[in-house]
Amino acid sequence: MMRKQLDESVAYLQSKGFDQPEIGIVLGTGLGKLADQIENPIEAHYNHIPFFPLATVEFHSGKLIYGTLEGKKAVVMKGRFHLYEGYDFLDITYPIRVMHQLGITKLFISNAAGAINLNYKEGDLMLIEDHINLQGGSPLAFKSVAQFGERFADMSEPYDVPMRESLMKIANKENITLRQGVYVSVVGPQLETKAEYRMLKIIGADAVGMSTVPEVIVANHLNLPIVAVSVITDECNPENLKPVDIDRIIKTAEVAEPKMVKLFKELIKTL
Ligand code: HPA
């Protein structure tokens with residue numbers, strides 16, 4: 001990755017009017033509706049942004065949306081890049097570096113995840129407290145990384161504590177059940193076997209998904225405070241595992257989505 005590419009991506013977005021956003025938001029699978037609430041939106045399709053990863057066919061709708069949300073300037077990523085689509089770690093985290101260079105000082109991330117902790121139910125939200133990277137690589141493992149930050153990035157507290165505390169308070173006040181736990185990232189796109197779900201429980205995961213961790217590593221590399229919320233879309237019980245129904249997973253994310261939108265909007269008000 002090169003500084004020059006990043007500068008060009010950022011210059012393009014600034015020329016479109018992406019002016020000093022404070023907050024960056026990554027919207028996960030089935031969680032795109034927050035984008036509709038951006039006021040005075042300016043859109044940039046991923047395919048039009050210089051040096052952005054080339055969107056795949058099924059991903060033609062991916063875009064960055066700039067505007068205001070609860071009175072704050074924000075940039076929203078509608079659609080993210082996944083390893084399972086064939087992108088590499090640098091591709092999938094490139095937008096985080098772009099949003100950082102545009103000026104964001106806080107990053108909100110959402111995703112759809114399966115419950116490993118079986119106290120957590122379909123449709124629940126889970127605030128990510130910590131994570132386990134099972135994706136077999138790092139977005140910081142490239143030659144010129146030192147030009148972008150500390151190679152040996154600290155990960156002792158990857159998720160911002162003050163924003164986590166605020167979000168718990170907001171959830172309590174709004175009567176939204178907000179679990180807390182450890183998110184483990186896998187490559188996918190296949191779902192897990194029963195034996196894998198047993199393993200994920202043993203190693204300390206509460207939820208499993210196919211995203212987020214690379215973005216969080218890069219955000220930590222950039223000293224960017226993060227808050228991340230999983231929408232629990234399925235319960236991964238190895239003793240009673242049913243065949244996966246991806247449409248149902250997406251539907252569950254959509255049903256739970258208004259709670260996530262509420263939490264994020266209320267959190268912005270506190271910033
Ligand atoms: N496994 C991995 N990723 C997921 C799951 C799952 O069970 N549910 C939603 N995303």
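The following paragraphs examine the structure supplied in this document. Since the structure is predicted, the reported quantities are computational estimates derived from the model, not experimental observations. (Residues numbered from 1 in each chain as written. Predicted model: local features only at pLDDT ≥ 70, side-chain atom pairs only at ≥ 80, totals over all residues. Heavy atoms only, no water.)

## So, the pattern of salt bridges
Once the charged atoms of two side chains with opposite charge are near each other, the side chains can pair.
(1) Moving on: On inspection of all chains with the given rule, the structure shows 12 salt bridges.
(2) Moving on: Two residues, Asp 124 and Arg 179, come together in a salt bridge whose shortest N-O distance is 2.9 Å. Placement of Asp 124 in the loop between strand 5 (106–115) and strand 6 (125–133) and of Arg 179 in strand 7 (residues 178–185) is noted, with a sequence separation of 55 residues between them.
(3) Moving on: The exposure class of Asp 124 is buried, given its relative accessible area of 10%.
(4) Moving on: Ionic contacts of the salt-bridge type, sharing partners, join the residues Lys 262, Glu 266 and Lys 269 into one network. (Salt bridge = Lys/Arg side-chain N within 4 Å of Asp/Glu carboxyl O. Helix = DSSP H or I, 4+ residues; strand = E, 2+ residues; numbered from the N terminus. Buried < 20%, exposed > 50% of the residue type's maximum accessible area, 1.4 Å probe, protein only.)

## Looking at the pairing of strand 3 (residues 63–69)
(1) Moving on: Where burial is concerned, most of strand 3 is hidden: 6 out of the 7 residues are buried.
(2) Moving on: Strand direction decides the pairing type here: strand 2 (residues 39–45) and strand 3, joined by 5 bridges, are antiparallel. Across the sheet, the residue bridging to His 45 is Lys 63, located in strand 3.
(3) Moving on: The loop that links strand 3 with its antiparallel partner strand 4 (residues 72–78) comprises 2 residues; one of these, Glu 70, has a positive phi angle of about 50 degrees. (Pairing = 2+ DSSP bridges.)

## Comments concerning the site of the ligand
(1) Moving on: If you check the shell around the ligand, you find Ala 112, Ala 113, Gly 114, Leu 191, Glu 192, Tyr 197, Val 208, Gly 209, Met 210, Thr 233, Asp 234 and Cys 236 and nothing else.
(2) Moving on: Gly 114 is positioned such that a nitrogen or oxygen atom in its backbone is 3.2 Å from a nitrogen atom of the ligand.
(3) Moving on: Here Tyr 197 contributes a side-chain N or O atom positioned 3.0 Å from an oxygen atom of the ligand.
(4) Moving on: In the complex, the protein chains occlude 94% of the 260 Å² of accessible area that the ligand would expose alone.
(5) Moving on: For the shell around the ligand, the elements supplying multiple residues, two or more each, are strand 5, strand 8 (207–209) and strand 9 (226–235).
(6) Moving on: With 3 residues, strand 5 is the largest single contributor of residues to the shell around the ligand.
(7) Moving on: Residue composition of the shell around the ligand, grouped by class: 7 nonpolar, 3 polar and 2 charged. (Near = heavy atom within 4 Å. Polar contact = N/O pair within 3.5 Å; in protein donor to acceptor, adjacent residues only side chain to side chain. Areas by Shrake-Rupley, 256 points an atom, 1.4 Å probe, with all protein chains shown as cover. Nonpolar A, V, L, I, M, F, W, Y, C, P; charged D, E, K, R; others polar.)

Distances and angles like these do not, on their own, reveal function.
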